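# Examination of the molecular architecture
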Amino acid sequence: MLFDTHAHLDDPQFDADRDAVIRSLKEYGVSRVTNIGADINTSRQAVALANQYDFIYASVGVHPGEISGMCNEDLDTLKTLALSNPKVRAIGEIGLDYHYDDADPQKQQFWFRRQLELAKELSMPVVIHDRDSKGDCIRILKEMQVSNGVMHCFSGSAETATELVNMGFMVSFTGVLTFKNARRAVEACSVVPLDRLMIETDCPYMAPEPHRGKRNFSGYVVHVAEKMAEIKGISFDELCKITTRNAMEFYGICD
Ligand SMILES: [Zn+2]
């Protein structure tokens, strides 16, 4: 059975058929999903989905691309959501994203640090988004001595993957692994120890081959698992068993 550790099933792309999509997941071998919040509104929606479906868990946080209007009250809201809903298992996705020209690195770093402090206060793992942050993301994680986290949608170098592993981090891969030009991600995956690997879809984005460019959903995590089993040179069943166990441990879920 598969665990999609990072999904956005609250996304408007699922508005027309969300319940049918979620109910179909068992047919694809998906037994658990963590739905990830990316702002206050989607964090609330993640919690609502987790409370509606027994096999969905939630993470709450504000993505670096969504922090422009963030205020202290939002931090309180995240804290209340995490404390009052037992199915909230992590803070995220949080991090740094300097990809767009209007990014404000100082402001992003401020709210990243505040949310890392919240996770520490709540003794919760963090789900990290890092895009083009030029090393600032890992530097801050080290400075704040954060070791209980996952780097999601990893597409960096093998060196960076090893650095994260040495920090105590999990490394999670999406359908990017299946892309023709994924040499770097494949190299990174090959150096991460089995007990530090997780798989995810990041749906509705990042659809793996052979569905690239279409709407992604948690059922397609099977393609990530197949590719990862091939890279690690183990059977598909073994890969599923290991990555599901890793995810259960990371999100504090008992059988
Ligand atoms: Zn995401």
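Quick summary incoming for the structure in this document.

Parameters at a glance
- Residues numbered from 1 in each chain as written.
- Predicted model: local features only at pLDDT ≥ 70, side-chain atom pairs only at ≥ 80, totals over all residues.
- Heavy atoms only, no water.
- Helix = DSSP H or I, 4+ residues; strand = E, 2+ residues; numbered from the N terminus.
- Contact = heavy atoms within 4.5 Å.
- 1 Å grid on protein atoms, 1.4 Å probe; cavity = no way out; pocket = protein on both sides within 12 Å on 5 of 7 lines; lining within 4 Å.
- Points joined across faces, edges and corners; volume = space filled by probe spheres on them.
- Nonpolar A, V, L, I, M, F, W, Y, C, P; charged D, E, K, R; others polar.
- Pairing = 2+ DSSP bridges.
- Axes fitted to C-alpha atoms, helices over the stretch in contact; angles between N-to-C directions.

### Looking at the environment of Phe112
On the secondary structure map, Phe112 appears in helix H4 (residues 105-122). In contact with Phe112, other than residues within four places in its own chain, are Ile94, Gly95, Leu96, Ile128, Cys137, Ile140 and Leu141.

### Regarding the layout of surface pockets
Considering only enclosed or pocket space, the largest pocket measures out at about 1400 Å³ in volume. In this structure, the largest pocket is lined by 48 residues; those nearest its centre are His63, Asp97, His129, Asp130 and Arg131. Elements with a minimum of two residues in the lining of the largest pocket: strand S4 (88-97), H4, strand S5 (126-131) and helix H7 (183-191). Counted by class, the lining of the largest pocket contains 17 nonpolar, 15 polar and 16 charged residues.

### A look at the sheet that holds S5
Note: strands within a sheet are paired through backbone hydrogen bonds, in either parallel or antiparallel orientation. Read from one edge to the other, the open sheet built from eight strands follows the order S1-S2-S3-S4-S5-S6-S7-S8, with strand pairing classed as parallel. In the strand order of this sheet, the two ends are held by strand S1 (2-7) and strand S8 (197-199), each with one partner. Along the sheet, successive strands turn relative to each other by an average axial angle of 25°, direction set aside. Strand direction decides the pairing type here: S1 and strand S2 (residues 30-36), joined by four bridges, are parallel. Each residue of the ladder has a partner; that of Phe3, found in S2, is Arg32. Packed on one face of the sheet, helix H2 (residues 40-52) meets S2, strand S3 (56-60) and S4 and runs near 160° to S3.

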